[in-house]
Amino acid sequence: MFLFALTSGGLSAQVEAEGWKFKPQLGVWFGPVTPVPGSKLSDVLTTSLGGGLFFRANIPSNTIRIELGGSYSYYTSRTTARLHSIPVYGAVCYTLPINLPLSFFVKGGLGSNFLRNVPEGSRNWLPLAYAGFETSFPAGKLINIGVRADYYFVLEKHLSPPANNPNYEIYNGHFFNFGLMVNFNLSR
């Protein structure tokens with residue numbers, strides 16, 4: 001409580017001095033998704049298409065935002081292996097101070113990823129770390145258009161192999177998404 005009291009005065013002073021305004025955004029993206037080249041999964045799974053949603057809002061600062069997001073990807077392979085992936089995450093976004101009509105964001109966060117393997121049939125929620133980069137430009141007062149790149153590190157190495165296959169190897173997942181995005185400014 002003491003720390004909150006000390007910092008809230010500084011935050012309210014910043015809000016008044018800079019004319020802070022709540023600026024929520026809702027967005028969608030669509031594009032290629034792939035295991036990171038050179039990773040163990042890239043030898044098995046192939047590039048596919050994916051898409052996702054995100055909600056972003058600035059905290060009492062015009063340079064730092066909080067983002068909540070989720071996406072869906074379906075990976076195929078040259079064999080019978082298939083993978084459904086549904087990552088959900090929370091991230092902190094920092095707006096780079098570049099004086100251009102474009103906005104640049106660097107993002108980092110944590111979350112969980114639902115993975116379902118076919119034909120094994122295994123399914124699990126696994127912890128993930130998230131990093132991303134995004135750039136966009138305004139296409140009017142309500143819409144921004146841009147591109148984003150997302151990296152997901154899925155922690156799987158701690159899992160035990162299936163009981164019927166003790167020689168089964170488990171690797172951490174490294175996934176990369178690149179997408180075209182549209183986000184809608186929910187306030188004017």
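Now for a description of the structure that goes with this document. Source: prediction; values computed, not measured.

Observations concerning a nonpolar patch on the surface
Part 1 of the argument: A cluster of nonpolar side chains, contributed by F22, L26, F55, I59, I66, L68, V92, F184 and L186, occupies part of the molecular surface with about 770 Å² of accessible area.
Part 2 of the argument: With respect to the helices and strands, I59 occurs in the loop between β2 (48-58) and β3 (64-75).

Let's talk about the nonpolar core
Part 1 of the argument: Counting 17 residues, the largest nonpolar core has Y89 and F175 as its most contacted members.
Part 2 of the argument: Listed by contribution, the elements that provide at least two residues to this core are β1 (25-35), β4 (82-95), β6 (123-138), β7 (143-154) and β8 (173-185).
Part 3 of the argument: Sequence-distant contacts of F175, defined by excluding residues within four places in its chain, comprise T34, P35, V36, L41, L45, Y75, L83, D150, Y151, Y152 and V154.

A word on the packing of aromatic side chains
Part 1 of the argument: Evaluation of the coordinates by the stated rule reveals 6 aromatic pairs.
Part 2 of the argument: Pairwise contacts between aromatic rings join Y89, Y130 and Y152 into one cluster.
Part 3 of the argument: Positioned above the aromatic ring of F105 is the side chain of R56, whose terminal nitrogen or guanidinium carbon lies 4.6 Å from the ring centre.
Part 4 of the argument: The ring centre of F54 lies 4.9 Å from the NZ or CZ of R148, which sits over that ring.

Quick look at the environment of G146
Part 1 of the argument: In this fold, G146 is placed in strand β7.
Part 2 of the argument: G146 gets classed as buried once you look at its relative accessible area, which sits at 10%.
Part 3 of the argument: Considering only alpha carbons, one finds G146 and F104, 42 residues apart in sequence, at a separation of 9.8 Å.
Part 4 of the argument: Sequence-distant contacts of G146, defined by excluding residues within four places in its chain, comprise T135, S136, G179, L180 and M181.

So, how was this worked out
Residues numbered from 1 in each chain as written. Predicted model: local features only at pLDDT ≥ 70, side-chain atom pairs only at ≥ 80, totals over all residues. Heavy atoms only, no water. Patch = residues over 30% accessible without salt bridge, like charges linked within 9 Å, V, L, I, M, F, W, Y side chains within 5 Å. Areas by Shrake-Rupley, 256 points an atom, 1.4 Å probe, with all protein chains shown as cover. Salt bridge = Lys/Arg side-chain N within 4 Å of Asp/Glu carboxyl O. Helix = DSSP H or I, 4+ residues; strand = E, 2+ residues; numbered from the N terminus. Core = buried A, V, L, I, M, F, W, Y, C linked by side-chain atoms within 4.5 Å. Buried < 20%, exposed > 50% of the residue type's maximum accessible area, 1.4 Å probe, protein only. Contact = heavy atoms within 4.5 Å. Phe/Tyr/Trp six-rings, centres within 6.5 Å; stacked < 30°, edge-to-face > 60°. Lys NZ or Arg CZ within 6 Å of the ring centre and 35° of its normal.

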